[in-house]
Amino acid sequence: MFIPDYAKELLTVLEDNGFEGFIVGGCVRDALLGRKPDDYDIAVSATPEETKMCFSAFRTISTGEKHGTVTVVNKGKNLELTSFRVDGEYKDNRRPENVEFTRSIEADLARRDFTINAIAFNEKRGLVDIFGGQKDLENKIIRCVRDADTRFNEDALRIMRAVRFASQLGFGIEKHTADSIHKNKALLENISVERIFVELKKLLTGKNATDILIQYRDVFETVLPELKKLTQEKYLENAKAVSKASDEITAFAAMLVSLPRENAEEICSRLKTDKHFRNTVSVLTEYVYEDFNDRLSAVHFIKNHSVETAEMLISLKDCFSLDTRVIKNTVSEITNGAVYTLSQLDINGNDLSLLGVRGKEISEKLNMLLDKVILGEVTNSKEELKKLL
Ligand code: ATP
Ligand code: MG
């Protein structure tokens, strides 16, 4: 298996000091799938203190030392080195009370979530795969390491991770694991919304999102109870649209289409999304069925929101195979310089006040002139515009 030099060098340093180091988890899984891993996590037999001693010649950052993680900087890359550990007792279905370090890679693999994430590799020992992860990768299966009920009770976030990996990788979920997900979904109430939202975004942009949304509707309704309001037919339509979305905001909006606008806003506030995410989702869900059959309404939408939001609306409409001709043409005219804002108008408030217009009538008149220019009823020149006053 290929290991980039910046990671391999660290494994060699560990070995030279009498310790063992392995690349482990997501990077091994992705490499076995023939994908280029995003980052390399390293599991080490050394304790955090020992790790820091091994790397005294390197820059190290004590990131999560309590959980056994030391970050080592090599060739401009940050690598997380985490001591082999076994998790202590879990409280409230998330995070263990304490962790204990161990010298056994096998014990460390046993605390990991899924068999495909519980494979370690180094050149000396080759692949360490005691839970059948390679076989499950070949058969495209997500399966808990050891007993699913126990593992989901220890940390309920694993329920979201299971469906997220199934969506991203296009894998099925093994029967015991799947049954246990349905059975234990209520435990998700103990998990922080921020962590759930991270998984949800990855899931909705995964290649198999539609199937997972359909098969695990009960799980999504635990996280987003508002979805219960959708008929089965509408839920299916939304789930199909999600897979056609090109970004996470559009995918999220697709799932919420037909819920009242307040619901979209409440859901985003509850999940603590940022303001841009919340505002965009609520505008998209509100306007997805707007047909913009006159150009003026399309221009008003762009003026009140933005070209970017209009482009996202087009892409959401496309996910539902809705007509987008007017709004698409309008966006392209505007990006090619067509007048759509007051600041582009050849006449301004000052000009109007010199002509004797006062107070809020100024903005009313300016907007009236702007609409006429947009509709092509008058050319955008001060002389022509004055004639209409
Ligand atoms: P991604 O490619 O999305 O980063 P990943 O598998 O690398 O996927 P991480 O969250 O980066 O996911 O976690 C790294 C590894 O740590 C996992 O592969 C898994 O072995 C282990 N792990 C992460 N979260 C959990 C958890 N909640 N329970 C048990 N093991 C976990
Ligand atoms: Mg990772």
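Residues numbered from 1 in each chain as written. Chains lettered and ligands numbered in written order. Predicted model: local features only at pLDDT ≥ 70, side-chain atom pairs only at ≥ 80, totals over all residues. Heavy atoms only, no water.

### Examining a nonpolar patch on the surface
This is how it is decided: Only residues whose relative accessible area exceeds 30% and that take part in no salt bridge are eligible for patches, with like-charged residues grouped when within 9 Å of each other and nonpolar side chains (Val, Leu, Ile, Met, Phe, Trp, Tyr) grouped when within 5 Å. All accessible-area figures derive from a Shrake-Rupley calculation using a 1.4 Å probe, and residue coverage is judged against the displayed protein chains alone. Note on definitions: salt bridges are taken to be side-chain nitrogens of Lys or Arg within 4 Å of carboxyl oxygens of Asp or Glu. Elements are defined by DSSP. Helices are runs of H or I of four residues or more, strands are runs of E of two residues or more, and each kind is numbered from the N terminus.
Among the surface-exposed residues, M1, L32 and L127 lie close enough to one another that they form a single nonpolar patch of about 210 Å² accessible area. Structurally, M1 can be placed in the segment before α1 (5–16).

### What about unusual backbone geometry?
Applied cut-off: Burial classes follow relative accessibility: with a 1.4 Å probe on protein chains only, a residue under 20% of its type's maximum area counts as buried, one over 50% as exposed, and anything between as partly exposed.
Here N93, not a glycine, exhibits a phi torsion of approximately 60 degrees, which is positive. Mapped onto the fold, N93 is located in the loop between β7 (90–91) and β8 (94–96). When its relative accessible area of 15% is taken as the criterion, N93 is described as buried. The backbone of F292 shows a phi angle near 45 degrees, a positive value even though the residue is not glycine.

### What about the domain arrangement of the chain?
Quick note on the threshold: Residue ranges assigned to the domains are those given by an automatic or database domain assignment.
When the domains of the chain are assigned, the result is domain 1 (1–133), domain 2 (140–223), domain 3 (246–338) and domain 4 (342–386). Computed from C-alpha coordinates alone, the two centres of domain 1 and domain 3 are separated by 43 Å.

### Things to note about the sheet that holds strand β5 (residues 77–83)
Operational definition: We call two strands paired when DSSP finds no fewer than two bridges between them. Fitting a line to C-alpha atoms yields each axis, with helices limited to the stretch in contact; the angle taken between N-to-C directions then spans 0 to 180 degrees.
Strand order in the open sheet made by the 7 strands is β3-β4-β5-β2-β1-β10-β11, with mixed pairing throughout. Either end of the sheet is taken by a strand with one partner, and the two such strands are β3 (59–64) and β11 (126–128). The average angle at which neighbouring strand axes cross in this sheet is 35 degrees, direction not considered. Judged from the 4 bridges that link them, β3 and strand β4 (residues 69–74) form a sheet pairing that is antiparallel. By the bridge assignment, G64 is partnered in β4 with T69.

### Regarding the site of ligand 1
Selection rule: A single heavy atom is enough: if one lies within 4 Å of a molecule or strand, its residue is considered near that molecule or strand. Polar contact criterion, stated in full: a pair of N or O atoms within 3.5 Å, where within protein one must be able to donate a hydrogen and the other to accept it, and residues adjacent in sequence count only if both atoms are side-chain atoms.
For ligand 1, the set of nearby residues contains 14 residues, the closest of which are R29, N117, D155, R158 and R164. At 2.7 Å, a side-chain N or O of R164 approaches an oxygen atom of ligand 1. Of all elements in the fold, only α2 (26–32) and α7 (157–169) reach the threshold of two or more residues within the shell around ligand 1. A per-element tally of the shell around ligand 1 places α7 first, with 4 residues. Split by domain, the shell around ligand 1 shows at least three residues from each of two domains, domain 1 (1–133) and domain 2 (140–223).

### Some words on helix α9 (residues 193–204)
To keep things clear, this is the line we draw: Helix span is expected to be 1.5 Å times the residue number reduced by one. Residue contacts follow a heavy-atom distance rule, with two residues in contact if any of their heavy atoms lie within 4.5 Å.
Here α9 is 12 residues long and its end C-alpha atoms lie 16 Å apart, about the 16 Å a rise of 1.5 Å per residue gives. Taken together, the buried positions of α9 are occupied by I196, F197, E199, L200, K201, L203 and L204. On its buried side, α9 packs onto α7, α10 (209–215), α11 (217–223), α12 (232–244), α13 (248–256) and α15 (275–287).

### Overview of the pairing of strand β2 (residues 41–44)
Inspection of the sheet shows strand β1 (residues 21–24) paired to β2 by 4 bridges, in the antiparallel sense. Across the sheet, F22 pairs through a bridge with A43, a residue of β2. Alignment of β2 against β5, held across 4 bridges, turns out to be parallel. Pairing of I42 across the sheet is with L81, part of β5.

### A word on the pairing of β1
Across the two faces of β1 the burial is the same, with G21 and I23 and F22 and V24 all buried. Pairing of β1 with strand β10 (residues 120–122), which is carried by 2 bridges, proceeds in the antiparallel orientation. Paired with I23 across the two strands is F121, which belongs to β10.

### A word on the packing of aromatic side chains
Under the convention used in this document: Ring pairs shown here join Phe, Tyr and Trp side chains whose ring centres sit within 6.5 Å, with only the six-membered ring taken for Trp; geometry is labelled stacked below 30 degrees between planes, edge-to-face above 60, and tilted in between. Working rule: Lys NZ or Arg CZ, within 6 Å of ring centre, within 35 degrees of ring normal, means a charge sits over the ring.
Tallying each qualifying case throughout the model produces 10 aromatic pairs. Relative to Y40, the ring of Y6 has its centre 6.3 Å away and its plane inclined at 85 degrees; by these criteria the two rings are edge-to-face. Note that Y6 is positioned in helix α1 and Y40 in the loop between α2 and β2, a separation of 34 residues in sequence. Taken individually, Y6 and Y40 each receive the classification buried, so the pair is uniform in this respect. Here F22 and F84 contribute two aromatic rings whose centre-to-centre distance is 6.1 Å and whose plane-to-plane angle is 40 degrees, an arrangement assigned as tilted. Residue F22 is located in strand β1, and its partner F84 is located in the loop between β5 and β6 (85–87); the two are separated by 62 residues in the primary sequence. For F22, a relative accessible area of 0% translates into the label buried. In this structure F84 comes out as buried when scored by relative accessible area, which is 0%. An aromatic cluster is present here, built from F197, F252 and F277 joined pairwise through their rings. Positioned above the aromatic ring of Y235 is the side chain of R217, whose terminal nitrogen or guanidinium carbon lies 4.1 Å from the ring centre.

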